[in-house]
Amino acid sequence: MNEDHPMNDYVEGDPEDWVRIISVDGFTFLCKRKVANMSETIKNSLDEAGGFSEAGTRTYKSQERGIVVQKMIEYMSFKAHYSNVGPKEEIPVNEMMDRLPLEILLELMLAADYQEL
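Nothing here was measured: the structure is a model prediction, and the numbers come from that model.

Calculation notes
- Residues numbered from 1 in each chain as written.
- Predicted model: local features only at pLDDT ≥ 70, side-chain atom pairs only at ≥ 80, totals over all residues.
- Heavy atoms only, no water.
- Pairing = 2+ DSSP bridges.
- Helix = DSSP H or I, 4+ residues; strand = E, 2+ residues; numbered from the N terminus.
- Axes fitted to C-alpha atoms, helices over the stretch in contact; angles between N-to-C directions.
- Contact = heavy atoms within 4.5 Å.
- Patch = residues over 30% accessible without salt bridge, like charges linked within 9 Å, V, L, I, M, F, W, Y side chains within 5 Å.
- Areas by Shrake-Rupley, 256 points an atom, 1.4 Å probe, with all protein chains shown as cover.
- Salt bridge = Lys/Arg side-chain N within 4 Å of Asp/Glu carboxyl O.
- Buried < 20%, exposed > 50% of the residue type's maximum accessible area, 1.4 Å probe, protein only.
- 1 Å grid on protein atoms, 1.4 Å probe; cavity = no way out; pocket = protein on both sides within 12 Å on 5 of 7 lines; lining within 4 Å.
- Points joined across faces, edges and corners; volume = space filled by probe spheres on them.
- Nonpolar A, V, L, I, M, F, W, Y, C, P; charged D, E, K, R; others polar.

(A) Spatial organisation of the sheet that holds strand S3 (residues 59-61). Taken together, three strands build an open sheet; the order of strands is S2-S1-S3 and the sheet is mixed. The sheet terminates laterally at strand S2 (28-32) and S3, the two strands that pair on one side only. Ignoring strand direction, the axes of neighbouring strands in this sheet form an average angle of 25°. With three bridges joining them, strand S1 (residues 18-22) and S3 adopt parallel strand pairing. Among the inter-strand pairings, arginine 20 is bridged to a residue of S3, identified as threonine 59. In this fold helix H4 (residues 66-81) packs onto S1 and S2, with an angle of close to 10° to the strand it touches most, S2.

Below, the structure is given as structure tokens:
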């Protein structure tokens, strides 16, 4: 199923609030723009002022495998969720760390560095 379907078929609410991230091995992820903007690289690619084609299609093509993209999106969701937490609130960092498979940790760190996470 490699057909490119409009995002309007899959999302609720305003389609402008959603972006599509495609891994190098063909997995497609839909996530909120607020979550995707946690990555400076993705944010800059999707910014219409930058003139990149990704901005028009709201689709970012990652050079990472699907499992790495999935974990990056999980982290970006975690970061977006806790971005407005006050200094006295406890952030459950260990909960996020427990969800990272050791087999992909190095690959994930390199991808996070490239994505400016």
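(B) Highlighting a nonpolar patch on the surface. A surface patch of nonpolar side chains, amounting to about 250 Å² of accessible area, comprises Ile91, Val93 and Met97. Note on placement: valine 93 falls in helix H5 (residues 93-97). You can call valine 93 partly exposed: its relative accessible area is 45%.

(C) Up close: the pattern of salt bridges. In the structure shown here, the tally under the stated rule is four salt bridges. Arginine 65 is the salt-bridge partner of glutamate 107, the closest N and O atoms lying 2.8 Å from each other. Here arginine 65 lies in the loop between S3 and H4 and glutamate 107 lies in helix H6 (residues 105-114), a separation of 42 residues in the sequence. For glutamate 107, a relative accessible area of 25% translates into the label partly exposed. Notably, a salt bridge pairs glutamate 74 with lysine 71, separated by 3.4 Å at the nearest N-O pair.

(D) Summary view of unusual backbone geometry. Phi is positive for arginine 58, which is not a glycine, with a value near 55°. By secondary structure assignment, the location of arginine 58 is in the loop between helix H3 (53-57) and S3. Within the chain, glutamate 116 stands out as a residue other than glycine whose phi angle is a positive 55°. Topologically, glutamate 116 is positioned in the segment after H6.

(E) Summary view of the layout of surface pockets. Considering only enclosed or pocket space, the second largest pocket measures out at about 260 Å³ in volume. Forming the walls of the second largest pocket are 13 residues, and the residues nearest its centre are Tyr75, Met97, Leu100, Leu108 and Ala112. Elements with a minimum of two residues in the lining of the second largest pocket: H4, H5 and H6. Split by residue class, the lining of the second largest pocket holds twelve nonpolar, no polar and one charged.

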